[in-house]
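Here's the letter readout for the chains.
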Amino acid sequence: MIGALSNWRVDWKERKKMTKIPEGFPKDFLWGGAIAANQAEGAWDVDGKGWCVADINEFLPDVDLEKKSNMEITTAYIKEAMNSTERIFPKRWGIDFYHTYKDDLKLLAELGLKTFRTSINWARIFPNGDELEPNEAGLQFYDDLFDEIIKNGMEPMITMSHYEMPLHLTTSYKGWYSREVIDFFVRYGQVLLDRYHDKVKKWIVVNQINLIVHESFNHLGIPEDAVEDLLSAKYQGVHNEMVASALITKYAHAHYPDNEIGMMLCGGPSYAASSKAEDVLAALKFPPS
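Each chain has its residues counted from 1, running along the sequence as written. Confidence filtering applies because this is a predicted model: local features only for residues at pLDDT of at least 70, side-chain atom pairs given and counted only at 80 or more, and all residues used for totals across whole chains, interfaces and linings. For the side-chain quantities, the full set of heavy atoms in the structure was used; hydrogens and water were omitted.

Student: Just checking my understanding: could you explain the overall build of the protein chain for this structure?
Tutor: Runs of H or I in DSSP of at least four residues are treated as helices and runs of E of at least two as strands, each being numbered from the N terminus. What the protein chain contains, in helices and strands, is 12 helices and 5 strands. Looking at the protein chain residue by residue over its 289 residues, the buried ones come to 42%. Should any heavy atoms of two residues lie within 4.5 Å, those residues are considered in contact. Long-range contacts, defined here as pairs at least 24 residues apart, represent 79% of the contacts in the protein chain between residues at least 6 apart. Each accessible area value is a Shrake-Rupley result obtained with a 1.4 Å probe; residue values ignore everything except the protein chains displayed when judging cover. Summed over all atoms, the accessible surface of the protein chain reaches about 16200 Å², with 57% contributed by carbon and sulfur. Remark: exposure states derive from per-residue accessible area (1.4 Å probe, protein chains only) relative to the maximum for the residue type, with buried under 20%, exposed over 50%, and partly exposed in between.

Here's what the structure looks like:
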């Protein structure tokens, strides 16, 4: 029995070597933080930026948070929001990161962060979304921002689309429901890759592409009164978004193979209903959204 135990110990040590159980975090693990352009930048009408869907996100203190984040938007509401001078739209102002990013990044660097994730506001680059040529002032802002991120010892991780669709694509093309938006987004993505591929090596094409249940209009930009069947239009919109994402990824792989194209999924914790093995296993298998 003792001999058998001794042999088992040897086998266990060998197995441990074979499985290479990690001890601590890998040396190249990236500790970082994240924001989005629509959350922080503000400067919503500065340097040629156009209206984006975030600019009509209204502060509604009396509306339940779950309903607020999943509001369907009509074309009439969009026009009212754009013309309003009294209602509150916080994302138009953010924290004014557009003007304070140098000081903000210095503070983040003091935390020892190794990467910083943010997004590019689509409406800064193509104010209406369907232009042939990009807005140089918008492009230059992100050149300066990425330089500053790198200067502070962090690697940029950049999202191309994080709820910042130009509002014109919503009112004139029905958002992602329109196949024309595929071409507009691919043009936008190619401009970003061509301009920034030397500074940005890690890209996320679409933020939380699986979150349309909770961020329907912000994500897809489809006004509910612009289509006959909203649910079908959403499915078509997600399909078009995936096609555009695939085309941008293909372009990146072909032209800038040292750039990595990743994805961002919405996820959250799940808890077993009881301590029963089958409940614990179901919680482990539960999808992240």
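Student: I tried to follow the pairing of strand β2 (residues 115-119) on my own but got confused; where do I start?
Tutor: Successive residues of a regular strand alternate their side chains across the two faces of the sheet. Most of β2 is tucked away, with 5 of its 5 residues classed as buried. Taking every second residue as pointing to the same face, both faces of β2 are buried, with Thr 115, Arg 117 and Ser 119 on one and Phe 116 and Thr 118 on the other. Pairing geometry for β2 and strand β3 (residues 155-161), over 5 bridges, is parallel. What sits directly across from Ser 119, in β3, is Thr 159. A strand pair is defined by DSSP finding two or more bridges across the two strands.

Student: Quick question: what am I supposed to make of the packing of helix α5 (residues 97-109) against helix α7 (residues 136-151) here?
Tutor: How two helices pack is summed up by the angle between their axes together with the distance between the axes. Axis definition: a line fitted to C-alpha atoms, limited for helices to the stretch in contact. Angles are taken between N-to-C directions and run from 0 to 180 degrees. Relative to each other, α5 and α7 sit at 10°, their axes nearing to 10 Å. Taken together, the axes of α5 and α7 are roughly parallel relative to one another. Crossing geometry of α5 relative to α7 is assigned as left-handed. Taken together, the residues of α7 that come into contact with α5 (itself represented by Phe 97, Tyr 98, Tyr 101, Lys 102 and Leu 105) are Phe 141, Asp 144, Leu 145, Glu 148 and Ile 149. The labels follow the angle: roughly parallel below 35 degrees, roughly antiparallel above 145, roughly perpendicular from 65 to 115, and oblique for the rest. Crossing handedness is defined as follows: a turn of the near helix away from the far one that is anticlockwise and smaller than a right angle gives a left-handed crossing, while the clockwise case is right-handed.

Student: Would you mind showing me how to read the nonpolar core here?
Tutor: The nonpolar side chains of a soluble globular protein tend to be buried, and buried together. If you look at the biggest cluster of nonpolar residues, it comprises 62 residues, and the most contacted ones within it are Ile 120, Trp 122 and Phe 185. Considering each element in turn, this core owes the most residues, 10 residues, to helix α9 (residues 180-196). To qualify as a nonpolar core, a set must consist of buried Ala, Val, Leu, Ile, Met, Phe, Trp, Tyr and Cys residues joined through side-chain atoms within 4.5 Å.

Student: Is there a simple way to explain the layout of surface pockets in this structure?
Tutor: If a probe as big as a water molecule is rolled over the atoms, it shows which places are left empty. Only protein atoms enter the calculation, which uses a 1 Å grid: trapped sets of points that fit a 1.4 Å probe without letting it out are cavities, open sets showing protein on both sides within 12 Å along at least five of seven lines are pockets, and any residue with an atom within 4 Å of a point is a lining residue. Grid points are joined across faces, edges and corners, and a volume is the space filled by probe spheres set on the points. Estimated volume of the second largest pocket: approximately 160 Å³. Forming the walls of the second largest pocket are Ile 204, Val 205, Val 206, Ile 209, Met 242, Ser 245, Thr 249, Ile 261, Gly 262 and Met 263. Of all the secondary structure elements, the ones that give two or more residues to the lining of the second largest pocket are β4 (202-207), α11 (230-255) and β5 (260-264). Any residue outside Ala, Val, Leu, Ile, Met, Phe, Trp, Tyr, Cys, Pro, Asp, Glu, Lys and Arg is labelled polar, Gly included; the first ten of those are nonpolar and the last four are charged. Class assignment for the residues of the lining of the second largest pocket results in 7 nonpolar, 3 polar and no charged.

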